[in-house]
Amino acid sequence: MNLRIAIQKSGRLSEDSIKLLNDCGIAVKSSGAKLRSEAENFPVEVYFLRDDDIPQYVQDGVADIGIVGENVLYEKCKDVDVVLPLGFGRCRLALALPRGMTYNEPADLEGMKIATSYPFLLQNFLRKHRVEAEIHEISGSVEIAPGIGLADAVCDLVSSGSTLFMNGLQEVETLLDSQAVLVRHATLDEQKEEILRKMIFRIRSVQAARKNKYILLNAPNNTLDIIFSLLPGMKSPTVLPLAEEGWSSVHSVLPEDEFWDKIEALKAAGAQGILVVPIEKMIL
Ligand SMILES: Nc1ncnc2c1ncn2[C@@H]1O[C@H](COP(=O)(O)OP(=O)(O)OP(=O)(O)O)[C@@H](O)[C@H]1O
Ligand SMILES: O=P(O)(O)OC[C@H]1O[C@H](OP(=O)(O)OP(=O)(O)O)[C@H](O)[C@@H]1O
Ligand SMILES: [Mg+2]
């Protein structure tokens, strides 16, 4: 029996969703016209859908799991469980006003007409701040609304901010920070649970590998104590003697976010010939 997984057919999450499955050793191709596809080497079947529909499909058990942005998930309010964050599709749901308009607090939105594709999340925000405003729901190109007299403000997704900028808008509030998450139907039979467990294990290994680098360096033996204190490694660093007397080669694993600071410190401690290599999988 196959685990049925729903991913976005074409859009911002499609490529990263397929790449994640591929990096987990699950051979699926991007959809084309075929909206269902079985992996060749792992018991999953992929459904290619509009992202808006994914929470409903997973809630109803039409799909067992899905990949969807938190923005869509929380807007749709469906009963599905979040399994784990996936680290891509990062964006924020934000309120924006025409540039130059003063904004100090949510009360400044009182009486405004706000265009959005996220009426539920916007309504929550307005209610929380006891603001009365009119919500005008549109399904896309939201940022055009103030410029054509359709609304006074917008509430839409932002990542680089260039769409807001190009449309003469300024961001004034963040309602939600979002990324893609893996969601699941509340209950699955034991066979599907087992497939999902394997998949989660693979995803975690891929994520750990993406967050770390393998580092190799040469150092004089009298600097090794300082170098070890800088390089924790998965257990502890590997040390091999160099052919040249009094020198060693040290191998270790470094988190991506500590990387540049550590490299500076390693150089200062006497490390030379530093090589940094990506890790493909990391089994914890
Ligand atoms: N600018 C962005 N940067 C990063 N992630 C984004 C950005 N815009 C949207 N996302 C994330 O990607 C998801 C899909 O965005 P996309 O624009 O492809 O959706 P869509 O047009 O609604 O597609 P569909 O046709 O599937 O309904 C969003 O729900 C959000 O989680
Ligand atoms: O801050 P930025 O980097 O400019 O990104 C923000 C834009 O990206 C998304 O739309 P998208 O380009 O996915 O088009 P869509 O309207 O078809 O969803 C979102 O709806 C914004 O319009
Ligand atoms: Mg959509």
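Shown above is the structure to which this text applies.
Keep in mind it's a predicted model, so treat the numbers as computed, not measured. (Residues numbered from 1 in each chain as written. Chains lettered and ligands numbered in written order. Predicted model: local features only at pLDDT ≥ 70, side-chain atom pairs only at ≥ 80, totals over all residues. Heavy atoms only, no water.)

1. Structural notes on the overall build of the protein
Part 1 of the argument: Secondary structure summary: the protein contains eight helices and 15 strands in total.
Part 2 of the argument: Seen along its three principal axes, the alpha-carbon backbone of the protein occupies a region of about 80 × 55 × 35 Å.
Part 3 of the argument: Within the span of the protein, comprising 284 residues, buried residues form 45% of the whole.
Part 4 of the argument: When contacts within the protein are restricted to residue pairs at least 6 apart in sequence, long-range pairs at least 24 apart make up 68% of them.
Part 5 of the argument: Working note: accessible area of the protein is about 15,200 Å², and carbon and sulfur atoms make up 50% of it.
Part 6 of the argument: Charged side chains of the protein number 30 positive and 40 negative; the gap between the two group centres comes to 5 Å. (Helix = DSSP H or I, 4+ residues; strand = E, 2+ residues; numbered from the N terminus. Buried < 20%, exposed > 50% of the residue type's maximum accessible area, 1.4 Å probe, protein only. Contact = heavy atoms within 4.5 Å. Areas by Shrake-Rupley, 256 points an atom, 1.4 Å probe, with all protein chains shown as cover. Lys, Arg positive; Asp, Glu negative; His and termini not counted. Charge placed at Lys NZ, Arg CZ, Asp CG, Glu CD.)

2. Notes on helix 1 (residues 14–23)
Part 1 of the argument: Among the residues making up helix 1, those that are buried are Ser14, Ser17, Ile18, Leu20 and Leu21. Around the axis of helix 1, the buried residues are gathered within 155 degrees of arc, so they sit on the same side.
Part 2 of the argument: Against strand 1 (3–8), strand 3 (44–49), strand 4 (65–69) and helix 6 (190–211) lie the buried residues of helix 1.
Part 3 of the argument: In the segment just after helix 1, glycine 25 is the residue with positive phi, at about 80 degrees. (Arc of directions from axis to C-beta.)

3. Here we look at the coordination of the magnesium ion (ligand 3)
Part 1 of the argument: Looking at the magnesium ion (ligand 3), the protein donor atoms are Asp51 (OD) and Asp52 (OD), and they sit 2.0 to 2.2 Å from it.
Part 2 of the argument: Take aspartate 51: its relative accessible area is 18%, and that puts it in the buried class. (Donors = N, O, S within 2.8 Å, 3.2 Å for Na, K, Ca; no water.)

4. Here's the deal with the environment of glutamine 59
Part 1 of the argument: Along the chain, the position of glutamine 59 falls in helix 2 (residues 54–60).
Part 2 of the argument: Not counting residues up to four positions away in its chain, the partners in contact with glutamine 59 are Lys78, Asp79, Val80 and His185.
Part 3 of the argument: In this structure the side chain of glutamine 59 is engaged in a polar contact, spanning 3.4 Å, whose partner is the side chain of aspartate 60. (Polar contact = N/O pair within 3.5 Å; in protein donor to acceptor, adjacent residues only side chain to side chain.)

5. Things to note about the pairing of strand 11 (residues 180–184)
Part 1 of the argument: In terms of burial, strand 11 is a largely internal element, five of the five residues being buried.
Part 2 of the argument: Of the two faces of strand 11, the one holding Ala180, Leu182 and Arg184 and the one holding Val181 and Val183 are both buried throughout.
Part 3 of the argument: Summarising the sheet, strand 4 and strand 11 pair through five bridges and their orientation is antiparallel. Considered in strand 11, the bridge of glycine 69 is made with alanine 180.
Part 4 of the argument: When strand 5 (residues 81–85) meets strand 11, the two strands line up antiparallel, connected through four bridges. Counted as the bridge partner of valine 82 is valine 183 from strand 11. (Pairing = 2+ DSSP bridges.)

6. Some points on the layout of surface pockets
Part 1 of the argument: Volume-wise, the largest pocket comes out at about 1,000 Å³.
Part 2 of the argument: As for the largest pocket, its lining consists of 37 residues, and the residues nearest its centre are Arg12, Asn71, Tyr118, Asp156 and Leu157.
Part 3 of the argument: At the level of secondary structure, the elements contributing two or more residues to the lining of the largest pocket comprise helix 3 (70–76), strand 9 (153–158) and helix 5 (162–166).
Part 4 of the argument: Considering each element in turn, the lining of the largest pocket owes the most residues, four residues, to helix 3.
Part 5 of the argument: A class-by-class count of the residues in the lining of the largest pocket yields eleven nonpolar, 15 polar and eleven charged.
Part 6 of the argument: Residue lining of the second largest pocket: Pro85, Leu86, Gly87, Phe88, Arg90, Gln179, Gln207, Arg210 and Lys211, and that is the complete set.
Part 7 of the argument: The leading source of residues in the lining of the second largest pocket is helix 6, at three residues.
Part 8 of the argument: Residues of the lining of the second largest pocket, tallied by class, amount to three nonpolar, three polar and three charged. (1 Å grid on protein atoms, 1.4 Å probe; cavity = no way out; pocket = protein on both sides within 12 Å on 5 of 7 lines; lining within 4 Å. Points joined across faces, edges and corners; volume = space filled by probe spheres on them. Nonpolar A, V, L, I, M, F, W, Y, C, P; charged D, E, K, R; others polar.)

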